[in-house]
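A look at the structure
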Amino acid sequence: MWDDSFPSFLIGLREGLEAGLIVSVLVATLVRAEARSRLAQVWTGVLAAIALSMSCGAVLTFTAASLSTTAQEAFGGALSIVAVAFVTAMVFWMRRSARGLASEIREKVTEALTMGAGVLILTSFLAVGREGLETALFLWTTARAADESAGPLTGAGVGLALAALLCWGLYRRVLRIDLTRFFTVTGAVLVLIAAGVLGYGLRDLQEGGVLPGGAAFAFDLSGNVDAGSWYSTLLQGVLNVTPAMTWLQVAGYAGYLAVVMPLFVRGVRGVPGARRTGPEPSPADPRPGLPAGRTARRRRLLLPVAVVAVPAVLAGLVVAMAHPKPAAGQTVAVSETDCGQGFTAPKPGRQDFRMRNTGNQTSEVYLIDPSSNAVYGEVEGLAPGTTRDLVATVAGGAYAWRCVPADGRAVTSQAVRVTGAAGAHAVVPVTERDLAAPLTAYKAYVNRGLSTLVTQTRRLGDDIRAGHLDTARADWLTAHRTYASLGAAYGTFEDFDQKINGRPDGLPGGVHDPGFTGFHRIEYGLWHGRSAAELEGPAQQLAENAAGLRKAFPHQDFDPSDLPLRAHEILENTLQFELTGDTDQGSGTGLATADANLAGTRELLTVLRPLLTPRAPRLLPTVDADITRLQRLLDSAHHGDRWTPVDRLDPEVKARIDGATGQLLEDLSPVPDLLEIRKSA
């Protein structure tokens, strides 16, 4: 999380220190002028600025959530560029102002003391509010770039806390910091970070359709760079340098640095000798001015409460208008005879439909594009008399409801047209007929593999009967890799999988239990010094079970909807068992099995590719790059006919293999949803 938190930590520290210095100077000046009774006005302005900043962050968050996916990209990209402009201006302003900050603030406070309370409140509000708004905007852009990571908020919190501690130390004169040099160094780092934010924002604008060149990549190293490595994580998290960048991103990144960094460095060279900048401490503690009476206290509390509450209330109103509550959504009635009653053309954006089943049968309900039958959202198994929410992003186009009762024909509502730009994401439904050809191809692949497996297990049995245990170890690995490449995940081969590839986990006798059979039983014996006579029976049983599976497989029930699940489940098993060493019974070949599992996954994706390509054009190139990365990592642990055991891997290599497998699993996770069989009649 450090890579995501560092940019926000730095901005929190800098902006917090800037705002804290200003507040410290304000407080010190009032105390020195024996006007401590006016401190409440300073804190009122500070609290109002904090409330405004937090409200700004809330408005940005909820405004983005109410937009379509394409609009979110454009909105985020535009704000990223605005954030870069703010940060750049802040860096140059603080470089110029650090030396004379205290004297400038003292002059403003002296002027405010001769005027009313509102002027002092406004002085502190404007001084802190600018830093707060810059912080809110920059944090929003960095948090968006980090997706779901808590790093940006954590880093900002630590930075602000450290800034508060430093300001307190400066105020109490227990710390001495060369602030001019501090703001110079951090400014240079922020220029680098801002260049990355600019590149990220330009990419968002390309994906949002605002700028061209989204497919024109200057380089694409995703197949050569390990995304889970420390250096890749650091570059992406801190500097937003990704393995694949478009020409526009590279031009923006390089152009910003080429212009801004020389100007910043030139300005630093022109600054005279650095001097310490900080608030002047107060002398003896003057007599505090206490409000007289309960009425005076109420009057003095009224203004702070008002200035803090007003920004929050205004933000709430903006959020309420930009992001309607679910209760404001349409209630749509569905039944086996009438689908979509009460449906009218919604406004573009994020919509929450309340689907109520008024019929007598459980129904599947889909929000569709009537021209292509593509699905924007769905509710499965809506029981009679129940109401459930369906959330979907609506953009320009035609929409209709399709209701498929458990016992009856599908009913489709009248279509409505929504005006606006396109951008809503829909999935073209898959039928059993669509999956028929991939299923046939996959079954043929498995049948060929089972034929090979039968031959290999018989050879393994012959080795053991002849007492050639060294040869048996090599033939065992060959046969086991063949079996592992067939995708025997989550009951694909029914009871045969436990007989052929079962583990001793949970058996009363463990590795000595009679129920422990198959490959791992023979593995345990071969690598634990058991005699050929002891292994002859298990080897013969394995060969018989392999032959039995080959005979039974063509007649086994195979639900077509299970096929898309295999792409994810095979590697899920790999991460859980092979890459933890849980299945290793002494051979140390867990990575060899993982390699065979990867081959099985690749075969599945080959047969599913014609269905996935039109539904998710960007998915397969990403997955292919993930597979290439993982394959290279596994190959690096393969030396001739030997594989490095999982428990002997270098910790960094092990982490990279786990990370690459996890990334591949994450990128494969949309496959089941994309290829889910949806009822249409």
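Everything in this summary refers to the structure shown in the same document. Note that this is a predicted model, so its numbers are computed, not measured.

1. Observations concerning the state of the cysteines
- Counting across every chain of the model gives 1 disulfide.
- Note on cysteine connectivity: C339 is disulfide-linked to C403, with sulfurs 1.9 Å apart. Note on the C339 and C403 pair: the S-S dihedral is about 70°, so by sign convention the disulfide is right-handed. Residue C339 is found in strand β4 (residues 339-341), and its partner C403 is found in strand β9 (residues 397-405); the two are separated by 64 residues along the sequence.
- Since its relative accessible area comes to 5%, C339 is described here as buried.

2. Description of unusual backbone geometry
- Although it is not a glycine, N373 sits at a positive phi angle of roughly 65°.
- Mapped onto the fold, N373 is located in the loop between β6 (363-369) and β7 (374-382).

3. With respect to a nonpolar patch on the surface
- A grouping of L47, I50 and M54 is seen on the molecular surface, where their side chains present a nonpolar patch of about 310 Å² in accessible area.
- One can find L47 in helix α2 (residues 39-65).
- Given a relative accessible area of 44%, L47 falls into the partly exposed group.

4. Thoughts on the side chain of T601
- Here T601 lies in helix α17 (residues 590-615).
- Judged by relative accessible area, T601 falls into the buried class, the value being 0%.
- Residues in contact with T601, not counting those within four places in the same chain, are A567, I570, L571 and L668.

5. Some points on the packing of α17 against helix α18 (residues 619-635)
- Direction vectors running N to C along α17 and α18 enclose 165°, while the axes themselves pass 11 Å from each other. Judged by the angle between their axes, α17 and α18 are roughly antiparallel. The chirality of how α17 crosses α18 is left-handed. Along the contact surface, α17 presents L591, A594, D595, L598, R602, L605, R609, L612 and T613, while α18 presents L619, L620, V623, D624, I627, L630, Q631, L634 and D635.
- Considered class by class, the residues forming the contact of α17 with α18 number 11 nonpolar, 2 polar and 5 charged.

6. Here's the deal with empty space enclosed by the protein
- Per the counting criterion, the structure on display carries 2 cavities of 30 Å³ or more.
- Roughly 60 Å³ of volume is contained in the largest cavity.
- Secondary-structure elements contributing two or more residues to the lining of the largest cavity are α12 (469-484), α14 (519-526) and α17.
- Here the residues of the lining of the largest cavity are counted per class, giving 1 nonpolar, 7 polar and 3 charged.
- Lining the second largest cavity we find L571, T574, L579, A594, L630, L634, I657 and T661.
- Those elements that provide at least two residues to the lining of the second largest cavity are α16 (563-576), α18 and α19 (651-668).
- Within the lining of the second largest cavity, the residues separate by chemical class into 6 nonpolar, 2 polar and no charged.

Rules behind the numbers
Residues numbered from 1 in each chain as written. Predicted model: local features only at pLDDT ≥ 70, side-chain atom pairs only at ≥ 80, totals over all residues. Heavy atoms only, no water. Disulfide = S-S within 2.5 Å. Helix = DSSP H or I, 4+ residues; strand = E, 2+ residues; numbered from the N terminus. Buried < 20%, exposed > 50% of the residue type's maximum accessible area, 1.4 Å probe, protein only. Patch = residues over 30% accessible without salt bridge, like charges linked within 9 Å, V, L, I, M, F, W, Y side chains within 5 Å. Areas by Shrake-Rupley, 256 points an atom, 1.4 Å probe, with all protein chains shown as cover. Salt bridge = Lys/Arg side-chain N within 4 Å of Asp/Glu carboxyl O. Contact = heavy atoms within 4.5 Å. Axes fitted to C-alpha atoms, helices over the stretch in contact; angles between N-to-C directions. Parallel < 35°, antiparallel > 145°, perpendicular 65-115°, else oblique. Left-handed = near helix turned anticlockwise from the far one by under 90°. Nonpolar A, V, L, I, M, F, W, Y, C, P; charged D, E, K, R; others polar. 1 Å grid on protein atoms, 1.4 Å probe; cavity = no way out; pocket = protein on both sides within 12 Å on 5 of 7 lines; lining within 4 Å. Points joined across faces, edges and corners; volume = space filled by probe spheres on them.

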